[in-house]
Amino acid sequence: MIFNISFKVFENENVGEMELNGTEGYFQFEIDNETYGIYIPEDIDEFSVSIYWWLYYFLTAILILKTESYVLISDIEKLKIWIELKKEKNIVKISKVKADKPEGSGAIETKEMPNLVHQYWNEKQVSYENLKTEVVNKTKLYIEQLRALNNELNKDIMILGSLIQDIEKINS
């Protein structure tokens with residue numbers, strides 16, 4: 001029941017003053033011998049994705065799963081691909097699914113999308129605590145890297161930090 005996130009930040013020299021440097025790079029998670037995303041030694045821009053948004057969506061899903069049992073995270077870069085998280089007691093079952101993305105649907109949904117099919121891997125299990133710990137710890141590491149590349153008071157960095165605080169408040 002291991003859930004592991006790997007990421008590699010790409011520096012972008014051409015970001016504006018208000019933009020966030022380090023949003024793009026490689027992002028991959030692994031659960032029960034299945035991986036999603038890409039992580040390779042070379043920096044090849046064609047394969048880069050938004051690390052920022054993946055971590056933001058996972059943090060948001062962790063918060064939602066505290067009170068609800070179902071979350072879908074859209075792969076915003078792939079048509080019809082979602083990561084499905086179902087919580088039963090203290091276990092989260094994670095699946096890569098195919099489903100429509102109706103107009104008006106968001107990157108995070110708490111209801112099943114139309115035509116959802118478990119076409120790929122299905123119900124890989126991790127404890128809620130392990131999932132939460134991995135997402136929070138990797139986001140903290142990511143924030144450290146962002147702070148080295150940006151103004152520490154950047155609103156996007158503050159947003160990730162705020163989500164982590166919200167998650168940590170749940171336990172106290």
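Every value quoted in this text rests on a predicted model; they were computed, and no experiment measured them.

Reading the values: rules and limits
- Residues numbered from 1 in each chain as written.
- Predicted model: local features only at pLDDT ≥ 70, side-chain atom pairs only at ≥ 80, totals over all residues.
- Heavy atoms only, no water.
- Core = buried A, V, L, I, M, F, W, Y, C linked by side-chain atoms within 4.5 Å.
- Buried < 20%, exposed > 50% of the residue type's maximum accessible area, 1.4 Å probe, protein only.
- Helix = DSSP H or I, 4+ residues; strand = E, 2+ residues; numbered from the N terminus.
- Contact = heavy atoms within 4.5 Å.
- Polar contact = N/O pair within 3.5 Å; in protein donor to acceptor, adjacent residues only side chain to side chain.

**Student:** Would you mind going over the nonpolar core with me for this structure?
**Tutor:** Soluble globular proteins tend to bury their nonpolar side chains together. Judged by nonpolar contacts, the single largest core of 44 residues is most densely connected at F3, F27, F29 and I94. Elements that contribute at least two residues to this core include exactly β1 (3-9), β2 (24-31), α1 (51-67), β5 (70-74), β6 (81-88), β7 (91-98), α2 (128-149) and α3 (155-171). Sorting elements by how many residues they give to this core places α1 first, with 11 residues. Residues within four places of F27 in sequence aside, it is in contact with I5, S6, F7, Y36, G37, I38, V49, I51, W54, L55 and F58. Judged by nonpolar contacts, the second largest core, of seven residues, contains L72, W82, M113 and L116.

**Student:** Teacher, can you tell me more about the side chain of S74 here?
**Tutor:** In this structure, S74 sits in strand β5. A distance of 2.7 Å separates polar atoms of two side chains, one belonging to S74 and the other to K101. Setting aside chain neighbours within four positions, we find S74 in contact with W54, I81, W82, K101, G106 and A107.

**Student:** Honestly, unusual backbone geometry in this entry has me stumped. Any pointers?
**Tutor:** A negative phi angle characterises most non-glycine residues, just as the trans form characterises most peptide bonds. The phi dihedral of N33 falls on the positive side, at around 65 degrees, and the residue is not glycine. The residue N33 is located in the loop between β2 and β3 (34-38) in this model. The backbone phi angle of E123 is positive, close to 50 degrees, even though this residue is not glycine. As for its placement among the helices and strands, E123 is situated in the loop between β8 (108-109) and β9 (124-127).

**Student:** Is there a simple way to think about the environment of Y26 in this case?
**Tutor:** Tracing the backbone through its elements, the reader meets Y26 in strand β2. When the C-alpha atoms of Y26 and K101 are compared, they prove to be 24 Å apart, with 75 residues separating the residues in sequence.

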